[in-house]
Amino acid sequence: MTIDEIEDTLLVISEKLNDEQPAINAFTKLYKSYSKFLCSVISRGLKNSGIYDEQILNTVINNTFYKIYDNPLIFSFPENATGDRFFKAWLATVAKNELKR
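Residues numbered from 1 in each chain as written. Predicted model: local features only at pLDDT ≥ 70, side-chain atom pairs only at ≥ 80, totals over all residues. Heavy atoms only, no water.

**Describing the overall build of the protein**
Within the protein, the regular secondary structure consists of four helices and zero strands. When the helices and strands of the protein are listed from N to C terminus, the series reads α-α-α-α. Taken over the C-alpha trace, the protein has a radius of gyration of 14 Å; the compact-globule value for 101 residues is 13 Å, and the two agree within 12%. For the protein, the proportion of its 101 residues judged to be buried stands at 35%. Partitioning the contacts of the protein with sequence separation of at least 6, the portion at a separation of at least 24 is 68%. Accessible surface, the protein as shown: approximately 6500 Å² in total, 50% of it carbon and sulfur. Each charge class in the protein was averaged separately, 12 positive and 13 negative side chains, and the resulting centres sit 10 Å apart. (Helix = DSSP H or I, 4+ residues; strand = E, 2+ residues; numbered from the N terminus. Rg over C-alpha atoms; globule rule 2.2 N^0.38 Å. Buried < 20%, exposed > 50% of the residue type's maximum accessible area, 1.4 Å probe, protein only. Contact = heavy atoms within 4.5 Å. Areas by Shrake-Rupley, 256 points an atom, 1.4 Å probe, with all protein chains shown as cover. Lys, Arg positive; Asp, Glu negative; His and termini not counted. Charge placed at Lys NZ, Arg CZ, Asp CG, Glu CD.)

And the structure:
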């Protein structure tokens, strides 16, 4: 996704109380775009810790995406951002923190 697409998606999700269906659609698009990336990040973390478990993997993914759905405007791109690498880095950080819980 482009920066504009991510920002627009997060904005639509933030309006979930006013218009739920577009928020769900936007969230689904975001999930489909980044769930494989997040899965690889969390899998790597679990394997490095020696505790690979699919239930933990799925829980961390779900909790990470829940945090986005719950508070989508917590993330913002820096001014000099290009591409989605800052968003991916932020997602990975949220997931790694969730994994430590």
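Now that the structure is up, let's keep going.
**A closer look at the confidence of the model for the protein**
In low-pLDDT regions, the fine details of the predicted coordinates are not to be read closely. For the protein, per-residue confidence averages 93 on the pLDDT scale, and residues scoring 70 or more make up 100% of the total. When mean pLDDT is taken per element in the protein, helix α1 (residues 3–14) scores highest with 96 and helix α4 (residues 85–100) scores lowest with 92. (pLDDT = per-residue confidence, 0-100.)

**What about the packing of aromatic side chains?**
Two aromatic rings are characterised by how far apart their centres lie and by the angle between their planes. The tally for this structure, following the rule as stated, stands at nine aromatic pairs. Ring plane angle 35° and centroid distance 6.5 Å describe the contact between F27 and Y31, whose orientation is recorded as tilted. Of this pair, F27 and Y31 both sit in helix α2 (residues 20–49), four residues apart, which is roughly one turn of the helix. Assessed through its relative accessible area of 31%, Y31 is described here as partly exposed. Aromatic side chains F27 and F65 sit 6.0 Å apart centroid to centroid with 85° between the ring planes, which places their arrangement in the edge-to-face category. (Phe/Tyr/Trp six-rings, centres within 6.5 Å; stacked < 30°, edge-to-face > 60°.)

**Quick word on the side chain of S43**
Within the element layout of this structure, S43 appears in helix α2. Within the structure, S43 has its side chain in polar contact with the backbone oxygen of C39 (distance 2.8 Å). Discounting residues that sit within four places of it in the chain, S43 has contacts with Y52 and L57. (Polar contact = N/O pair within 3.5 Å; in protein donor to acceptor, adjacent residues only side chain to side chain.)

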